[in-house]
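This is what each chain is made of:
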Amino acid sequence: MMSITILLTASLLVKAVTGAFQPVATPFELRDIKLLASPWETAREADAKYLLTVEPDRLLHSFREHAGLKAKGAIYEGWENSGLAGHSLGHYLTACAQQYATSGDVRYKQKVDYIVQELAECQEHRKDGYVGAIPDGDKLWSEIKKGQIRSAGFDLNGFWSPWYTCHKVFAGLIDAYKLTKNKEALVVAEKFGDWAIGVTKDLTDDQWQKMLGCEYGGMNDSLAELYAITGEQKYLDLSRKFYDNAVLKPLAEGRDELANRHSNTQIPKLIGLARLYELTGDTGDRKSAEFFWDRVVNHRTYAIGGNSDHEYLGAADHLSDQLSTNTCETCNTYNMLKLTRHLFSWDPKPEYADFMERAHLNDILASQNPATGMMCYFVPLVSGAHRNYSTPFDDWTCCHGTGMENHTKHADSAYFHTGGARLYITQYMPTELNWHDAGLKIVQTTNFPADGKVALTITSGKTHTFELMVRHPGWAGAFDIKVNGEVVTRSEKPSSFTAIQRTWKKGDKVEFDLPLTLHTEAMPDNANRVAVLYGPTVLAADLGDANGPDPRIPVLVTNDRPVGEWASPVEGQSLTFKVQAAGRPESLTLRPFYQISNNRYAVYFDKFTEAQWEEDEAAYRAEEARIKDLIARTVDYMRVGEMQPERDHSLKESRTDVRDANGRGFRMPLPNGWMEFQLKVKPDVPIDLVLTYWQNQRSFRDFTITVDGQKIASESKLDAHNNVFHDTTYSLPGDLTKGKSVVTIRIEASASKVGPAVAGARTVTQSHP
């Protein structure tokens, strides 16, 4: 007897005797799912190989030093050799624990065991329970304990996000305990938790809120998990204290106030609330987490599944001008996947699984160079960009840490179950599943995403009755489902689950073919700026070697025809398509975004009719002519943010910040900051000063410009499009340059706001010589 139903939503959660809620769908343990040959397995292998080259003693350098012990290895470079020291050790613990759980390879457990043993020694030597690598951390925590708190953004009493670093260590210790059964890791974590209680026990509510103005990672999550393991109420109580009213209260009330907030500062807070909901049943925590997920995924997420520009969330449904080299911080997607995993377990909605697929395939895979195992901080989406990968030991960042974790757990959400009664197929990837509650082993065979054919075979186990939930992705049309060669149902509803209830036995085989088609996905605020996808796979135009000349930015002249009429598959090349006549300025080759590791690319394309492109191309050529003319009239030019050009122009500065975007550096005076430099002029010819600014919507400028001490301009707003470089011209009075060959330019910010992000400065003649 077999029954077929379409599941659109899940039933209500069942409250346990403890007062907490039981999940509707439980994810499997990593040890129960084995990845088979696939792009995900290739990524796992590269990561696993790299993890073995990392030396625990180098990660432990600062922990030992700050415990009064002699370091055994040289410190790693990047953020480890900075105020955020220690965070990578926590990520590494988790990554090795996950790799051990996935593979059973004892070498990774040995790494974990050694690090835990060393942390225990550090803890014993200190006596207070603290384990940390933050430089001069004792001074910080002493001030915090006394309620002396100065906090803002990423700064707590002059220290860089110290609770964030603590959270990474907590999380690593807890994963070491849960995934490798290292009991000492739990002992260290409990003592660390007791230390945190002692440091904060006398803080007032106001002091807490002031302290939480600084990024604190997922401290609430780790403390909630410590409570779940130990049953100690004190850890739950402390977890609740890590509640940032400024961000979390609006979410609890259903208000979206996320614009201009740092994305990865917020996501872990909601993961913590999700875990607290599971442990306490507080529906307010659940509502906050679900509301946040909707506002980020459905209103602020790019085609590849990532979010943020320069690490920040913008206004809802406003992404068209949020394209730069600094989109999609990898940590954000790592954490959104964690949050989604919680939400799916409460209410197994297909859209949650659709997001997991989109993000794993197009963002997380793309964030790793499979040849080296190295990771991206950002996954750039501006046309003409390429990815910058970290190096093995010299430039570690937060995303290097989460990157080590990402590729050891690709299959962690491939399946969910309800005891032995129901199995959800949530991700299509070649895997071998050991379903203990049902006493079955199931192998998924597929070449997805290259084609849509999927087969699930029960390879061992006794006869068992259960409900198989087959995901119908939101991007797919209708398809038939066969059991042992016979069609049993046709799934017709995109973004749903089709349920097959029957008594299953060894050898039973389920088969279906997901229809993969080309389609476009428009920006929410610009219907004519689109990404091209094949099924769930985001395709990008391959623009050639990243070290070659800057490519012409491609556009599509489609005359509003369907994508299948202007893009065609390339014979013999999987997931590769050619755009001939519609590609401008030339034909385009589209490949999976995650496969373009070293070349430049374009993901979003502006779409035109022939008439529109003729007009736009004319404007493009006019800009080319303007730049050519500007160069011809240039007397002197300095690229700002680059060492040698700044030295050549005698640049001096105070309180400035140097960054880069879209392939160019810039320098920006902070409040009360300034920079000055020298540029050549012609003594008897009218001269203009042309400054190239980088414009970003979160920057509120207020600054003055002086030449040889005389003010020539005062600006409080730069009127330009977001995420572009633009030139502003200032005419210099004749008496400022008369008889001179050099002038000194000074750009100074006001006391309360930043100055401009200056990428270039040039002097030009006002007319051709």
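Scroll up a little and you will see the structure.
By convention here, each chain's residues receive numbers from 1 onward along its written sequence. Note on the predicted model: pLDDT of at least 70 is required for a residue's local features to be given, and 80 or more for side-chain atom pairs to be given and counted; whole-chain, interface and lining totals, by contrast, use all residues. In computing side-chain values, all of the structure's heavy atoms are included and hydrogens and water are not.

(A) Quick peek at the side chain of Glu80. In this description a helix means any DSSP run of H or I spanning at least four residues, a strand means any run of E spanning at least two, and both kinds are numbered starting from the N terminus. Of note, Glu80 is situated in the loop between helix 3 (61-65) and helix 4 (87-103). Each residue is placed in one exposure class: buried if its accessible area under a 1.4 Å probe, protein chains only, is under 20% of its type's maximum, exposed if it is over 50%, and partly exposed if it falls in between. Only four residue types enter the charge count: Lys and Arg as positive, Asp and Glu as negative, with His and the chain ends excluded. Throughout this description, the term salt bridge denotes a Lys or Arg side-chain nitrogen within 4 Å of a carboxyl oxygen of Asp or Glu. No salt bridge is formed by the buried Glu80, whose closest oppositely charged neighbour, Arg58, lies at an N-O distance of 9.9 Å. In terms of polar contacts, Glu80 uses its side chain to reach the side chain of Ser88, at 2.9 Å. Under the rule applied, a polar contact is a pair of N or O atoms within 3.5 Å (in protein, one hydrogen donor and one hydrogen acceptor; residues adjacent in sequence only if both atoms are side-chain atoms).

(B) Structural view of the sheet that holds strand 7 (residues 155-156). The criterion for strand pairing is that DSSP finds at least two bridges linking the strands in question. Pairing is antiparallel across the open sheet formed by three strands, whose spatial order is 6-7-8. A single partner strand is all that each edge strand has here, and the edge strands are strand 6 (151-152) and strand 8 (159-160).

(C) The sheet that holds strand 16 (residues 486-491), seen in detail. The antiparallel open sheet is built from seven strands, whose spatial order is 5-11-12-13-18-15-16. Pairing within the sheet leaves two strands with one partner each, and these edge strands are strand 5 (33-35) and strand 16. Adjacent strand axes in the sheet meet at a mean angle of 20° when their direction is disregarded. By the bridge criterion, five bridges tie strand 15 (residues 479-483) to strand 16 in an arrangement that is antiparallel. Bridge pairing in strand 16 links Val483 to Glu486. Orientation is described by axes fitted as lines to C-alpha atoms, over the contacting stretch for helices, and by angles from 0 to 180 degrees between their N-to-C directions.

(D) Quick peek at the pattern of salt bridges. Taken as a whole and assessed by the stated rule, the structure comprises 46 salt bridges. When the shortest N-O distance is used, the salt bridge between Asp285 and Arg240 registers 2.8 Å. Of this pair, Asp285 sits in helix 14 (residues 283-297) while Arg240 sits in helix 11 (residues 233-241), and the two are 45 residues apart along the sequence. A relative accessible area of 30% means that Arg240 is categorised as partly exposed. One salt bridge in this structure joins Asp657 and Arg659, with 2.7 Å as the shortest N-O distance. Look at Arg659 and you get exposed, because its relative accessible area is 52%. Three or more residues are tied together by salt bridges with common partners; here these are Arg64, Lys72, Glu118 and Glu121.

(E) Layout of the packing of helix 10 (residues 219-230) against helix 13 (residues 263-280). Where helix 10 contacts helix 13, the two axes come as close as 7 Å, and the packing angle between them is 25°. When the axes of helix 10 and helix 13 are compared, the pair comes out roughly parallel. When you trace helix 10 past helix 13, the crossing you get is left-handed. Counting all contacts with helix 10, which are made through Asn220, Asp221, Ala224, Glu225, Tyr227 and Ala228, the residues of helix 13 involved are Pro268, Lys269, Ile271, Gly272, Leu273, Arg275, Leu276 and Leu279. Ten residues, namely Ala, Val, Leu, Ile, Met, Phe, Trp, Tyr, Cys and Pro, are considered nonpolar, four, namely Asp, Glu, Lys and Arg, are considered charged, and the remaining ones, Gly among them, are considered polar. In terms of residue class, the contact of helix 10 with helix 13 is made up of eight nonpolar, two polar and four charged. Throughout this description, any angle smaller than 35 degrees is read as roughly parallel, any larger than 145 degrees as roughly antiparallel, any in the 65 to 115 degree range as roughly perpendicular, and the remainder as oblique. By definition, turning the near helix anticlockwise from the far helix through less than a right angle yields a left-handed crossing, and turning it clockwise yields a right-handed one. Should any heavy atoms of two residues lie within 4.5 Å, those residues are counted as being in contact.

(F) Structural context of the packing of helix 7 (residues 162-180) against helix 10. Their axes nearest at 8 Å, the elements helix 7 and helix 10 cross at an angle of 30°. Taken as axis vectors, helix 7 and helix 10 run roughly parallel relative to one another. The hand of the helix 7/helix 10 crossing is left-handed. Contacts between helix 7 and helix 10 pair Trp163, Cys166, His167, Phe170, Ala171, Ile174, Tyr177 and Lys178 from the former with Met219, Ser222, Glu225, Leu226 and Ile229 from the latter.

(G) Spotlight on the environment of Ile631. With respect to the helices, strands and loops of the structure, Ile631 is situated in helix 18 (residues 610-633). Residue classification places Ile631 among the exposed residues on the basis of a relative accessible area of 53%. Between the C-alpha atom of Ile631 and that of Arg762, which follows or precedes it by 131 residues, the distance is 9.5 Å.

(H) Highlighting the pairing of strand 18 (residues 509-513). Only one face of strand 18 is covered, namely the face carrying Val510 and Phe512; the face carrying Lys509, Glu511 and Asp513 is uncovered. In the sheet, strand 13 (residues 453-461) pairs with strand 18 via five bridges, with the strands oriented antiparallel. Bridge assignment links Ala455 to a residue of strand 18, and that residue is Glu511. Relative to strand 18, strand 15 runs antiparallel, the two sharing three bridges. The residue bridging Ile481 from the neighbouring strand is Phe512, located in strand 18.

(I) Layout of the packing of aromatic side chains. Planes of paired rings set the category: under 30 degrees apart is stacked, over 60 is edge-to-face and the rest tilted, where pairs are Phe, Tyr or Trp rings (Trp by its six-membered ring) whose centres lie within 6.5 Å. Enumeration according to the criterion identifies 36 aromatic pairs in this entry. Both rings, one in Trp435 and one in Phe466, keep their centres 4.8 Å apart while their planes meet at 80°; by these two values the pair is edge-to-face. One end of the pair, Trp435, is in strand 11 (residues 431-435); the other, Phe466, is in strand 14 (residues 464-472), and 31 residues separate them in sequence. Across this residue pair, the class does not change: Trp435 and Phe466 are buried. Here a set of aromatic residues connected by ring pairs shows up, and it is made of Tyr130, Trp141, Trp163, Phe170, Phe192, Trp195, Trp208, Tyr216 and Phe242. In this scheme, Lys NZ or Arg CZ marks a charge over a ring once it lies within 6 Å of the ring centre and within 35 degrees of the ring normal. Seen from the ring of Trp674, Arg746 lies directly overhead, with NZ or CZ sitting 4.1 Å from the centre. Positioned above the aromatic ring of Tyr637 is the side chain of Arg762, whose terminal nitrogen or guanidinium carbon lies 4.1 Å from the ring centre.

(J) View of the pairing of strand 19 (residues 518-523). The sheet contact formed by strand 19 and strand 20 (residues 526-534) spans six bridges and is antiparallel. Looking across to strand 20, one finds that Met523 is bridged to Asn526. Here strand 19 folds back onto strand 20, and the loop between the two strands holds two residues.

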